[in-house]
Amino acid sequence: MSVKAIKRGAVEFLTKPVREQELLDAVRMAIERDRDRRKQDLAVLSLRKRYDSLTAREREIMHLVTRGLLNKQVAAELNLSEVTVKVHRGRIMQKMEAKSLADLVRMSDQIGSLPDPTVVADT
């Protein structure tokens, strides 16, 4: 019964008779977990809104840059000049409010599985 309850999302499984302090601790822990989850959800929502503000080209470049490609490799991949890639990359960093490339990569990971903008879907 306890395994089934935990699998369904229970924070704690208490057996009868329940001590008052044990119940209060379980409720407090559940509230804290919910607060943390909501805070994380808001952070991801904010990141997704910033990502949505990027142009299609900026999304392509962000995708390639966060996969580890250098500016000149991105330029070659998209048939652009390296200077153009640098300009787009600067705008991406500004719009995403990223302080560094590592920060941008973490943001990309937090956003989760977004469609690869460099892949054209079959219609």
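Note: the structure precedes this text.
Fair warning: this is a prediction, and the values are worked out from it, not measured in the lab.

Q: How should I be thinking about the environment of Ile92 in this particular structure?
A: Tracing the backbone through its elements, the reader meets Ile92 in helix α5 (residues 82-96). Ile92 gets classed as buried once you look at its relative accessible area, which sits at 1%. For the pair formed by Ile92 and Ala5, sequence separation is 87 residues and the distance between their alpha carbons is 44 Å. Ignoring sequence-local partners within four residues, the contact set of Ile92 consists of Leu54, Glu58, Ile61, Met62 and Leu104.

Q: Looking at this structure, I do not really get a nonpolar patch on the surface. What am I missing?
A: Together, Val18, Leu23, Val27 and Ile31 line one region of the surface with nonpolar side chains, adding up to about 310 Å² of accessible area. Structurally, the position occupied by Val18 is in the loop between α1 (2-7) and α2 (20-52).

Q: Sorry, what's going on with the environment of Ala5 here?
A: Residue position: Ala5 is located in helix α1. Look at Ala5 and you get partly exposed, because its relative accessible area is 22%. Here Ala5 is in contact with Ala10 and Phe13, once residues within four sequence places are set aside.

Q: Explain the side chain of Asp103 to me, please; I cannot follow it from the model alone.
A: Relative to the elements of secondary structure, Asp103 occurs in helix α6 (residues 101-111). Each residue touching Asp103, except ones within four places of it in the same chain, is listed here: Glu97 and Ala98.

Q: Sorry, what's going on with unusual backbone geometry here?
A: Among all residues save glycine, negative phi is the norm, and among peptide bonds the norm is trans. Of note, the bond from Lys16 into Pro17 is cis; its omega dihedral lies within 30 degrees of zero at -10°. Within the secondary structure layout, Pro17 lies in the loop between α1 and α2. Look at Asn79: it is not a glycine, yet its phi comes out positive at around 60°. Its place among the elements puts Asn79 in the loop between α4 (71-78) and α5. In this structure Asn79 comes out as exposed when scored by relative accessible area, which is 73%. In this model, Glu97 sits at a positive phi of 60°, which is unusual for a non-glycine residue.

Q: Any chance you could explain the pattern of salt bridges here in plain terms?
A: Any two side chains of opposite charge can pair, given that their charged atoms come close. Applying the stated rule across the entire model yields 8 salt bridges. Here Arg37 and Asp34 are joined by a salt bridge, their closest N and O atoms 2.8 Å apart. Placement of both Arg37 and Asp34 in helix α2 is noted, with a separation of 3 residues, approximately one turn of the helix. Classification of Asp34 as partly exposed rests on a relative accessible area of 28%. Residue Asp34 pairs with Arg38 through a salt bridge whose shortest N-O separation is 2.7 Å.

Q: What am I meant to see in the side chain of Asn71 here?
A: Looking at the secondary structure, you find Asn71 in helix α4. In contact with Asn71, not counting residues within four places along its chain, are Glu82, Val85, Lys86 and Arg89.

Rules and cut-offs
- Residues numbered from 1 in each chain as written.
- Predicted model: local features only at pLDDT ≥ 70, side-chain atom pairs only at ≥ 80, totals over all residues.
- Heavy atoms only, no water.
- Helix = DSSP H or I, 4+ residues; strand = E, 2+ residues; numbered from the N terminus.
- Buried < 20%, exposed > 50% of the residue type's maximum accessible area, 1.4 Å probe, protein only.
- Contact = heavy atoms within 4.5 Å.
- Patch = residues over 30% accessible without salt bridge, like charges linked within 9 Å, V, L, I, M, F, W, Y side chains within 5 Å.
- Areas by Shrake-Rupley, 256 points an atom, 1.4 Å probe, with all protein chains shown as cover.
- Salt bridge = Lys/Arg side-chain N within 4 Å of Asp/Glu carboxyl O.

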